[in-house]
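The chain contents come next:
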Amino acid sequence: EREGGLVKIRVKSWDGSIDYYLDFGEPAYTAGVGSNPNFDAVTLRFAYNSMTTPSSVYEYDMEKHTKTLLKRQEIVGGYNLEDYVAERLMAPSHDGVLVPVSLVYKKGVVSRNGENPLVIYGYGSYGASMDAYFSLARLSLLDRGFVWAIAHVRGGEEMGRLWYDNGKMLNKKNTFSDFIACAEYLIDMGYTSPDKMFAMGGSAGGLLVGAVANMRPDLWKGIVAQVPFVDVLTTMFDESIPLTTGEYDEWGNPNEKRYYDYMLSYSPYDNVEAKDYPAMLITTGLHDSQVQYWEPAKWAAKLRALKTDKNPLYLKTEMDYGHGGASGRFEGYKEVVLEYAFMLDLLSE
């Protein structure tokens, strides 16, 4: 089940005499029931990880209410989860709706005086829930004093079906407004400041960060747009692309004027203006089948032609990769290194 945007595992006996939820003891996490082929078993196997807890598999005794850790992701070099802090906040959006935000940072390094760098990540499309999760690579930033935040904006399904419905089609701008509201809330709470905050998103999350770059360029030190879907109208008009017509249910059909006008009002490429923008790192893949490489290329070219600032704008085109990025663990880490180096370089100015 889900409640407050968090997955909950409920244990209930057939006769109703037992009915309770597992207590995971953390404010932000991901959990799921694993393979349990024995119908009569009194133990439940489930997978679990959080912003501070590496991927783990537990066996839970439903009668004794005890759990046993069977396996946990090994962190080479050592890792103590007690050295890190996770939080769950609720940020008020433009219409009063409270948007969940999951945070993690290293204990003792966050001063709440606006001095910490912060990455806020978002997606918010297709009803895909961006649950709080553990990242090994993220530790590199946390140990440098970064805060990492996940904004669970509308367009995902963390808070139920209506959360998705209110962030798609003619409600799509709620996704962007939610993300901006989460960023402003984190600033107001002292976790960071505009000259230390980075927005990050990929694919439809790239649309998200592209839209907020136009709407509130003053909020970000830098933006990382991974394989971003930014030329919304041109792509949605091209019915030769296999994914297009099937996505009318997500974005609308631009052949209908009300959807055309609405998409035009937020499409990142179409709303680039002559004004200052934050620094940007835009990545794409030559063989991307979901977001063709020319979308981010066109966007980068238009930004370079119109923007009035002197902030760096990098476009990295991977000649061998597709939408999912590099294959293989180490090649994937090289992409992460590029993104982290981009942010750390900006902070060293």
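Heads up: these notes are all about the structure in this document. (Residues numbered from 1 in each chain as written. Predicted model: local features only at pLDDT ≥ 70, side-chain atom pairs only at ≥ 80, totals over all residues. Heavy atoms only, no water.)

Considering unusual backbone geometry
Positive phi outside glycine occurs at His65, with the angle close to 60°. Here His65 lies in the loop between strand S7 (56-61) and strand S8 (66-72). (Helix = DSSP H or I, 4+ residues; strand = E, 2+ residues; numbered from the N terminus.)

Focus on the side chain of Lys172
Residue position: Lys172 is located in the loop between helix H2 (161-165) and helix H3 (173-188). Despite its burial, Lys172 remains without a salt bridge, the nearest opposite charge being carried by Glu250 at 4.6 Å. Here Lys172 is in contact with Gly124, Ser125, Gly167, Trp251, Tyr262 and Tyr266, once residues within four sequence places are set aside. (Buried < 20%, exposed > 50% of the residue type's maximum accessible area, 1.4 Å probe, protein only. Lys, Arg positive; Asp, Glu negative; His and termini not counted. Salt bridge = Lys/Arg side-chain N within 4 Å of Asp/Glu carboxyl O. Contact = heavy atoms within 4.5 Å.)

Let's talk about the packing of aromatic side chains
Tallying each qualifying case throughout the model produces 20 aromatic pairs. Between Phe24 and Phe46 the ring centres are 5.8 Å apart and the planes differ by 65°, which places this aromatic pair in the edge-to-face class. Remark: Phe46 occurs in strand S6 (residues 43-50) and Phe24 occurs in the loop between strand S4 (19-21) and strand S5 (29-33); sequence separation between them is 22 residues. Classification of Phe24 by relative accessible area gives buried; the value is 9%. Seen in terms of ring centroids, Tyr105 and Tyr191 are 6.4 Å apart; in terms of plane orientation they differ by 50°. Their pairing is tilted. Here Tyr191 lies in the loop between H3 and strand S13 (197-202) and Tyr105 lies in strand S10 (residues 98-106), a separation of 86 residues in the sequence. Both residues of the pair, Tyr105 and Tyr191, belong to the buried class. The rings of Phe24, Tyr29, Phe46, Tyr48 and Tyr58 are connected pair by pair, giving a single aromatic cluster. Lying across the ring of Tyr21, Lys8 places its NZ or CZ 4.3 Å from the centre. (Phe/Tyr/Trp six-rings, centres within 6.5 Å; stacked < 30°, edge-to-face > 60°. Lys NZ or Arg CZ within 6 Å of the ring centre and 35° of its normal.)

Overview of the pattern of salt bridges
Scanning the entire structure with this criterion turns up 18 salt bridges. Because the salt bridges share partners, they merge into one network encompassing Glu1, Arg10 and Asp19.

Topic: the layout of surface pockets
Approximately 730 Å³ is the volume attributed to the largest pocket. The set of elements that each furnish at least two residues to the lining of the largest pocket consists of S13, strand S15 (279-285), strand S16 (313-318) and helix H9 (329-347). Top element by residues in the lining of the largest pocket is H9. It accounts for seven residues. Taken together, the residues of the lining of the largest pocket break down into 14 nonpolar, twelve polar and five charged. By volume, the second largest pocket is sized at about 540 Å³. Lining the second largest pocket are 17 residues, with Lys12, Trp14, Phe39, Ala41 and Met62 positioned closest to its centre. Among the elements of the structure, strand S3 (10-12) and S6 are those that each provide at least two residues to the lining of the second largest pocket. At three residues, the largest contribution of residues to the lining of the second largest pocket is made by S3. (1 Å grid on protein atoms, 1.4 Å probe; cavity = no way out; pocket = protein on both sides within 12 Å on 5 of 7 lines; lining within 4 Å. Points joined across faces, edges and corners; volume = space filled by probe spheres on them. Nonpolar A, V, L, I, M, F, W, Y, C, P; charged D, E, K, R; others polar.)

A few points about a nonpolar patch on the surface
A cluster of nonpolar residues, Leu286, Tyr293, Trp294 and Met319, forms a patch on the protein surface that exposes about 380 Å² of accessible area. Residue placement: Trp294 occurs in helix H8 (residues 294-306). Taking the relative accessible area as the measure of exposure, Trp294 reaches 41% and is therefore partly exposed. (Patch = residues over 30% accessible without salt bridge, like charges linked within 9 Å, V, L, I, M, F, W, Y side chains within 5 Å. Areas by Shrake-Rupley, 256 points an atom, 1.4 Å probe, with all protein chains shown as cover.)

Quick notes on the sheet that holds S7
With antiparallel pairing, four strands are arranged side by side in an open sheet as S5-S6-S7-S8. One side of each edge strand has no neighbouring strand; the edge strands of this open sheet are S5 and S8. Pairs of neighbouring strands in the sheet enclose a mean axial angle of 30°, with direction left out of account. Of the pairings in the sheet, the one linking S5 to S6 comprises five bridges and is antiparallel in character. Among the inter-strand pairings, Val33 is bridged to a residue of S6, identified as Phe46. (Pairing = 2+ DSSP bridges. Axes fitted to C-alpha atoms, helices over the stretch in contact; angles between N-to-C directions.)

Take it as geometry only, folks, not as evidence of what the structure does.
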